[in-house]
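Coordinates in review
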Amino acid sequence: MQEFLQLIVTGLVIGSVYALVAMGFALIYKSTSIINFATGEFMMIGAYFFYTFMVMAGLPAIPSFLLVMLAAAGLGFLVERSILRHMLGQPVISIIMVTIGLSSILMGLAEMIWSTDFKNFPPLFPRAPVIVGDLIIRSNLFYGFVVAMIAVAIFALIFKYAKVGVAMRATADDQMASFSMGINVRSMFTLAWAMGAVAASLGGIIIGNIGGIQPTLGHVGLKIFPVVVLGGLDSIAGAVVGGFIVGLVENIAGGYLDRYVGGGVKDVAPFVVLVLI
């Protein structure tokens, strides 16, 4: 029972990160009908931005975090304006191939700028583990979960109550009606990409703090696709629920089945869920 509860806790932490990143993925798809296969690389670049500001530039954690958010939004803005805006109205497969190419470009840039060496963040949270009843939770897991949930809540509040969030939801539901009501639809597309990049970068920072970073960190983003398919490609709330489900499934499956097959179940489990769906 103790092992099961420990797996549940870890699964919820990982699931919260998946939920956060999947929300950005779903936001981009809902607003622009574009499936962004470069989501994982946005995560990876965000983690490297944080490493650059905090470790290489020596800035404190909070200013580094704020700079990452600005840099991530700028990256999303640049990608939408310079690449994806020109793909509007093109066949879906063409847009998908562009985002796959973009993921390769971002990974190559990361290798050239930061090398392929494995890197760790300095401690961001108190080192002492968090004890909940009989459970002992690693501090980076516990605080990573808290940060992810706060971010999810903030995004949800923006979408529901902020004027810009309402405009984005309107654009996602009916672009022509939104345009006729005076909403700048193209600006909403740009904002969707900027916010999607911010959400992915937040996830990258949390995952990087748990297990370190390297250019292949973006491969984690492949697990986001089963999450959003489970929750519904155009459902932001569904993406959050799907994130928790996939996080739990992969962690429990890995914890109980890896010992019998020699490992790898954790990496396969999300795609088994995708195939079943």
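Please refer to the structure placed before this passage.
Approximately 510 Å³ is the volume found for the largest pocket. In terms of lining residues, the largest pocket is bounded by 19 residues, among which Y18, I207, L217, V220 and K223 are the most central. Elements that contribute at least two residues to the lining of the largest pocket include exactly helix 1 (2-32), helix 8 (185-211) and helix 11 (265-276). Residues belonging to the lining of the largest pocket are distributed by class as follows: nine nonpolar, six polar and four charged. In this structure, the second largest pocket occupies an estimated 300 Å³ of space. Looking at the second largest pocket, it is lined by 16 residues, and the ones nearest its centre are F65, L124, F125, V147 and I205. Mapped by element, the contributors of at least two residues to the lining of the second largest pocket are helix 3 (61-82), helix 5 (139-161) and helix 8.

The next point concerns the nonpolar core. Core analysis: the biggest nonpolar cluster contains 68 residues, and L20, F42, I45 and F155 have the highest contact counts within it. Core analysis: the next-biggest nonpolar cluster, separate from the first, contains six residues, V9, V130, I137 and L141 among them.

The subject of this paragraph is the environment of V92. One can find V92 in helix 4 (residues 92-114). Residues V92 and I35, spaced 57 residues apart in sequence, show a C-alpha to C-alpha distance of 8.6 Å.

What follows is about empty space enclosed by the protein. With the rule as written, the count across this model stands at two cavities of 30 Å³ or more. A volume near 40 Å³ is recorded for the largest cavity. If you go around the largest cavity, the residues you meet are L27, K30, S31, F159, M168, R169, A172 and I236. Contributing elements (two or more residues each) for the lining of the largest cavity: helix 1 and helix 6 (163-173). In terms of residue class, the lining of the largest cavity is made up of five nonpolar, one polar and two charged. By volume, the second largest cavity amounts to about 30 Å³. Grouping the amino acids of the lining of the second largest cavity by side-chain chemistry returns five nonpolar, one polar and no charged.

Right, let's talk about the environment of G196 for a bit. Checked against the element boundaries, G196 lands in helix 8. The exposure class assigned to G196 is buried, which follows from its relative accessible area of 5%. For the pair G196 and G24, spaced 172 residues apart in sequence, the C-alpha separation works out to 3.9 Å.

The rules behind these values
- Residues numbered from 1 in each chain as written.
- Predicted model: local features only at pLDDT ≥ 70, side-chain atom pairs only at ≥ 80, totals over all residues.
- Heavy atoms only, no water.
- 1 Å grid on protein atoms, 1.4 Å probe; cavity = no way out; pocket = protein on both sides within 12 Å on 5 of 7 lines; lining within 4 Å.
- Points joined across faces, edges and corners; volume = space filled by probe spheres on them.
- Helix = DSSP H or I, 4+ residues; strand = E, 2+ residues; numbered from the N terminus.
- Nonpolar A, V, L, I, M, F, W, Y, C, P; charged D, E, K, R; others polar.
- Core = buried A, V, L, I, M, F, W, Y, C linked by side-chain atoms within 4.5 Å.
- Buried < 20%, exposed > 50% of the residue type's maximum accessible area, 1.4 Å probe, protein only.

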